[in-house]
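A closer look at the structure
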Amino acid sequence: MAANSVLGIIFSNANDEVIPELTALRTMGSIPFAGRYRLIDFQLSNMVNAGISKVGVITKSNYRSLMDHIGSGKAWDLSRKREGMTILPPYNLPGTSMIKGKADALYNSISYIENSNKDHVLLTDCNVVCNMDYESLVKAHIAKDADVTIAYAKGIPPKMEANTELVIDENARITDTKIMDCYSSEVNYSLKIMVIRRTLLERLLHEAHSAQVDDFETIISKNVQHLRVYGYEETGFVRVLGSLQSYYDISLELLKLENRKKLFTPERPVYTKVRDEVPATYGIGANVKNSLIADGCRIEGEVENSILFRGVTVAKGAKIKNSIVMQGSFIGENSTLDCVIIDKEAVLKPNKMLCGASNYPVYIGKGIVI
Amino acid sequence: MAVKPECIAMLLAGGQGSRLGILTKNIAKPAVPYGGKYRIIDFPLSNCVNSGIYTVGVLTQYQPLELNDYIGNGQPWDLDRANGGVHILSPYQQIKGTEWYKGTANAIYQNINFIERYDPEYVLILSGDHIYKMDYSKMLDYHKEKNADCTIAMLEVPWDEASRFGLMLVNDDGSISEFEEKPKNPRSNKASMGVYIFNWQKLRKYLIEDEAKEGSGNDFGHDVIPAMHSAGERMFAYQFDGYWKDVGTINSLWDANLDLLNPKVDLDLNDDSWKIYSRSPAAPPHYIGENAKVENSMITEGCEIGGNIDFSVLFANVTVEEGAEVKYSIVMPGTVIKKGAVVQYSIVAENAVIEEGAVVGESPENMADVNDWGVAVIGNGIKIGKGAKVEPCAMIDSDIGGAE
């Protein structure tokens, strides 16, 4: 099995700054998504479904919620004696300061990488939501005898800073990369998921450390001419979260069956921490249309075009439209929500009204009582 | 050698549950799905761990494959442990020959060696047939406080139903003065729940004696407990009040599921301090479609609902297409109900397909004679053809073709 030769590394904090609202109290990896998941679930599940059995999760800050969620890795069958999951917290080597970029973070964990004895390392961020066949990615990497293989999608890139456009020749080889902020036309953009030869990674990290370079993508881009760097096109449902707005839009895209079918497949299930909630209960007068509802919800009001996470209560007469309500929140009687994102365990008392716009959703923070 | 626990539980899960008909054709009764995401056995197992009992022997015999697979290493119940944990105990070959479990007491007798490995002070005997939430640790405290040899959990049942149960006459101090097994004219409404705590050394002695006795049915209720009682051992009744239901028949299984939709029924599965754990499939939240209507129902992960659902319990990964109708029904995992089909007053087992326009079950109000009415049951993996009709009370165990 190809994946047996691969070490998985997940950056749980990468791109935290693009969704400051949701990462104020957590990592990018622990942002709740799609009613019952956290973003890191997709990466962990992709790796496990591909047969990767050794995974390091790099953390930098605010990682308590992440640790609470992934625990020992049991939900992904990664709680093992041999291999399994390891959390790699920041580790101040003598003479270094707080880790900055990805290269720095990887250098911090270099002994973990060296000791893995794997031939290749698969690196991913958490703000990319996909159900990608990593086994086929790794196979392509090995078949091309590549130094580096970068997964990309074709289309209009997400609206966020520093998208990397890849210039790819007919043999799938990446000949050049461009960093741009704004795109209006379709290009091949990097998903920041890559497989790299382990020994090469170690060499690049040592070089970057002596040269004080933090940004790992820059290092690869600089070396694109000297190395065998290939592209791997992903054509499934893949979305990059680049802002609160895109979090909102991408979440609601899952109300379409065709998108759900691509993201949640029986062949490659997405695993998450099990919370043993009861099934959702619908009371008399409940009226739910076009919505995703997680277990543990109690619904007596109206819900339309929305996503309710686990354990949300919707009291009688409450109306929720075009909104995302996270775990354990309470929407009181006759309250109305439209285009709102409510974080965990918030309470909206009776007879309140909150409205945003579909291109400017209102965000209510964790535990806030209104 | 294991660290010695004070009390271990032995869960009798070998029963066929023959009154559940085709629902238990390929699975043992404790593996029958209940309440949207549970199986019956989740209740005693969760009660054990919530009560602090972490060593559980599960005695299986009838169709154990699915049950064994479901329990696995016990991880969903936190029973994957270095000391104790869950153990599946099937009948095995011994030097003196091979025997099936002949009765409830014989099943424990055959596993005396298992219990001895832990050498507990007390043994809790449970069955895998009931839906209830109970703190066994309180019952154990009571057992110790009364300095009892045997404590039997009892529940007051309605007088008109009392004759269906094993009853006890109880003195003021809680001690049991007399037993009556399903009497015609009950003198008590205190029914045994089939939950017992024994001092292990006492029970061991009586199990060995009972085994040697010719003609014994090797049953707790019929043989061992009466023998202990007539020998003058200290027998006490422990009163339980709360929801308790034997789901031994189609109607009671149907009722017990719909009880979950009744806010007046005292069975809160949402209680964080007493969760019922289960092995759940990895499925996304359920989706309710644009033209669906869902009221008074329980729906769980992986369902795709396009039709109308009323007073029903849907298990994981059920699909109900647009224009289909499900009411007063229990639909088990993976079943598909197609456009325009009607499923009412029914139990549909796992992975069945109800084709377009088929009608399953009937409302009691539409019956010429209400005594002919009953819940319709569709078996595991059965296909009901386009426009076909399934009568109330029917048990469908083979595919039915289309109505054309």
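Residues numbered from 1 in each chain as written. Chains lettered and ligands numbered in written order. Predicted model: local features only at pLDDT ≥ 70, side-chain atom pairs only at ≥ 80, totals over all residues. Heavy atoms only, no water.

What follows deals with the packing of helix H6 (residues 200-212) of chain B against helix H7 (residues 220-230) of chain B. Residue and element names in this part refer to chain B. Contact pair H6 / H7: the axes reach a minimum separation of 10 Å and the direction vectors enclose 115 degrees. Note that H6 runs across H7; the crossing there is right-handed. Residues Lys202, Leu203, Tyr206, Leu207 and Asp210 of H6 lie in contact with H7, whose contacting residues are Phe220, Asp223, Val224, Ala227 and Met228. (Axes fitted to C-alpha atoms, helices over the stretch in contact; angles between N-to-C directions. Helix = DSSP H or I, 4+ residues; strand = E, 2+ residues; numbered from the N terminus. Left-handed = near helix turned anticlockwise from the far one by under 90°. Contact = heavy atoms within 4.5 Å.)

Moving on, we come to the interface of chain B and chain A. At the junction of the two partners, chain B supplies 35 residues and chain A supplies 36 residues. Carbon and sulfur atoms supply 46% of the area that chain B and chain A bury against each other, a total of about 2,900 Å² over both sides. Looking only at chain B, the three residues that lose the most surface to chain A are Asn270(B), Pro285(B) and Tyr287(B), adding up to 19% of its buried area. Across the chain B-chain A interface, the total number found is 5 salt bridges. The interface formed by chain B and chain A holds 25 residue pairs in polar contact (both at pLDDT 80 or more) in total. Sorting the residues of the side of chain B that touches chain A by element identifies strand S16 (286-288), strand S17 (293-295) and strand S18 (297-299) of chain B as the ones contributing at least two each. Counted by class, the side of chain B that touches chain A contains 14 nonpolar, 12 polar and 9 charged residues. (Buried area = accessible area lost by both parts, 1.4 Å probe. Salt bridge = Lys/Arg side-chain N within 4 Å of Asp/Glu carboxyl O. Polar contact = N/O pair within 3.5 Å; in protein donor to acceptor, adjacent residues only side chain to side chain. Nonpolar A, V, L, I, M, F, W, Y, C, P; charged D, E, K, R; others polar.)

A complete count under the given rule lists 0 disulfides over all chains for this structure. Lacking any disulfide linkage, Cys130(A) is separated from the closest cysteine sulfur, that of Cys126(A), by 11 Å. Exposure remark for Cys130(A): the relative accessible area of 0% places this residue in the buried category. The thiol sulfur of Cys7(B) is not disulfide-bonded, and the nearest other cysteine sulfur, from Cys48(B), lies at 8.3 Å. Owing to a relative accessible area of 8%, Cys7(B) belongs among the buried residues under this scheme. (Disulfide = S-S within 2.5 Å. Buried < 20%, exposed > 50% of the residue type's maximum accessible area, 1.4 Å probe, protein only.)

We now examine the pattern of salt bridges. Residues and elements named next belong to chain A. Taken as a whole, this structure holds 41 salt bridges over all chains when the rule is applied. Across the salt bridge formed by lysine 102 and aspartate 125, the nearest N and O atoms sit 2.8 Å from each other. Taken as a pair, lysine 102 in helix H4 (residues 102-108) and aspartate 125 in strand S6 (residues 120-125) lie far apart in primary sequence, 23 residues in all. As far as the burial class goes, lysine 102 and aspartate 125 line up, both buried. Taken together, the salt bridges that share partners define one network made up of Lys102, Asp125 and Glu217.

Residues and elements named next belong to chain A. Backbone geometry places alanine 172, a non-glycine residue, at a positive phi of 70 degrees. Mapped onto the secondary structure, alanine 172 falls in the loop between strand S9 (163-168) and strand S10 (174-180). Of note, the phi angle at asparagine 334 is positive, near 55 degrees, even though the residue is not glycine. Tracing the backbone through its elements, the reader meets asparagine 334 in the loop between strand S23 (330-331) and strand S24 (336-338).

Here we come to the sheet that holds strand S15 (residues 287-289) of chain A. Residue and element names in this part refer to chain A. Pairing within the open sheet is parallel, and its 5 strands lie in the order S15-S18-S21-S24-S27. The sheet is open, and its two edges are formed by S15 and strand S27 (353-355), each paired on a single side. With strand direction ignored, the average angle separating the axes of adjacent strands in the sheet is 5 degrees. Here S24 pairs with S27 via 3 bridges, running parallel. Considered in S27, the bridge of leucine 337 is made with leucine 354. (Pairing = 2+ DSSP bridges.)

When we look at a pair of aromatic rings, we describe it by the centre distance and by the angle of the planes. A complete count under the given rule lists 21 aromatic pairs over all chains for this structure. One aromatic cluster is present, built from ring pairs that chain together Phe33(A), Tyr37(A), Phe42(A), Tyr247(A) and Phe264(A). In this structure, Lys102(A) packs its charged tip against the face of Phe11(A), placed 4.9 Å from the ring centre. Seen from the ring of Tyr70(B), Arg39(B) lies directly overhead, with NZ or CZ sitting 4.8 Å from the centre. (Phe/Tyr/Trp six-rings, centres within 6.5 Å; stacked < 30°, edge-to-face > 60°. Lys NZ or Arg CZ within 6 Å of the ring centre and 35° of its normal.)

Among the 10 residues in helix H9 (residues 244-253) of chain A, 7 count as buried, and that is most of the element. Buried within H9(A) we find Leu244(A), Ser246(A), Tyr247(A), Tyr248(A), Ile250(A), Ser251(A) and Leu252(A).

Residue and element names in this part refer to chain B. Across the 6 residues of strand S8 (residues 122-127), 6 count as buried, placing the element largely inside the fold. Residues of S8 alternate between two faces, with Tyr122, Leu124 and Leu126 on one and Val123, Ile125 and Ser127 on the opposite face, all of them buried. Taken together, the 6 bridges between strand S1 (residues 7-12) and S8 define a ladder with parallel strand orientation. Residue pairing across strands places leucine 12 opposite serine 127, the latter belonging to S8.

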